[in-house]
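# A structural walkthrough
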Amino acid sequence: MTENHARPRTFRLSRALPSWSLVAAGVLAGGLLGGAYGVLKTPTYTATSYVIAVPTEKSDTATALGFAQAYGRVATQLAVLGDAQRWAGVPLATLRDSVRTATSPDAPMVAVSATSTRPARAAAMADAVARALTRHADDVKAATHVELLEFSRAVKPTAPASASPELTGLVGASAGGLLGGLVLLARPRRRPEEEAARPASVPGPAFAADAHGQL
């Protein structure tokens with residue numbers, strides 16, 4: 001089998017196409033696939049509940065800030081999620097996969113966020129975890145001298161948090177264009193021996209007649 005037959009068909013085809021067509025085809029295909037993914041994918045919603053750490057008479061703001069950081073890490077542990085499961089009405093695995101927390105280095109506050117395909121369920125899960133977290137903090141308040149209070153309940157989201165079809169289409173088009181550019185760079189170049197094997201150009205009749213007249 002010759003070397004020409006051993007080459008992948010994709011590369012042989014890419015050499016026959018104009019350079020810009022590979023990138024254009026990648027952009028078009030990526031945009032269509034990305035847009036279709038955004039349309040077919042089930043939208044998800046995120047709701048957030050906030051709790052705040054408050055120092056007691058035997059504590060101070062710096063201590064409350066430190067415990068807020070600690071409670072932010074504890075909120076997604078099994079002990080807290082196990083209690084929240086009763087109020088959220090969802091399996092423990094769903095809470096573990098759907099709930100995230102965030103804290104601030106400047107404020108003694110914990111944000112508990114939950115994501116679901118149903119807006120009401122997202123809000124219910126966020127509130128349930130925040131409630132369970134405040135219960136656990138209240139159990140050890142005598143030792144920590146910090147109280148965890150509900151600052152703001154989760155509001156049922158009205159708009160999805162997942163990417164829109166327009167955004168997924170744009171991302172897909174960018175990825176497709178990049179892939180087309182890579183294929184353009186990777187396609188084989190014409191070798192010197194192939195250039196030498198090309199038939200030599202023959203002068204046209206007019207040029208040949210002029211040359212004869214000068215002899």
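Our structure's up above, just so we're on the same page.
## Some points on helix 5 (residues 78-88)
Taken together, the buried positions of helix 5 are occupied by V80, L81, A84 and A88. One face of helix 5 carries all of its buried residues, which in axial projection span an arc of 85 degrees. In helix 5, the exposed positions that point more than 90 degrees away from the buried face belong to L78 and R86. Tucked inside the fold, the buried residues of helix 5 contact helix 4 (61-74), helix 6 (92-98) and helix 7 (119-139).

## Structural notes on the pairing of strand 1 (residues 45-55)
Judged from the eight bridges that link them, strand 1 and strand 3 (residues 109-116) form a sheet pairing that is antiparallel. By the bridge assignment, A47 is partnered in strand 3 with A114. Relative to strand 4 (residues 146-152), strand 1 runs antiparallel, the two sharing six bridges. Bridge pairing links Y50 to S152 in strand 4.

## Some remarks on the nonpolar core
Most often, soluble globular proteins have nonpolar side chains that are buried together. With 30 residues, the main nonpolar core has L95, V110, V129, L133 and L148 as its most contacted residues. Those elements that place two or more of their residues in this core are strand 1, helix 4, helix 5, strand 3, helix 7 and strand 4. By residue number, the principal contributor to this core is helix 7, which donates 10 residues. Excluding its chain neighbours within four sequence positions, the residues that come into contact with V129 are A75, V80, L81, A84, L95, V99 and V112.

The rules we used
Residues numbered from 1 in each chain as written. Predicted model: local features only at pLDDT ≥ 70, side-chain atom pairs only at ≥ 80, totals over all residues. Heavy atoms only, no water. Buried < 20%, exposed > 50% of the residue type's maximum accessible area, 1.4 Å probe, protein only. Helix = DSSP H or I, 4+ residues; strand = E, 2+ residues; numbered from the N terminus. Arc of directions from axis to C-beta. Contact = heavy atoms within 4.5 Å. Pairing = 2+ DSSP bridges. Core = buried A, V, L, I, M, F, W, Y, C linked by side-chain atoms within 4.5 Å.

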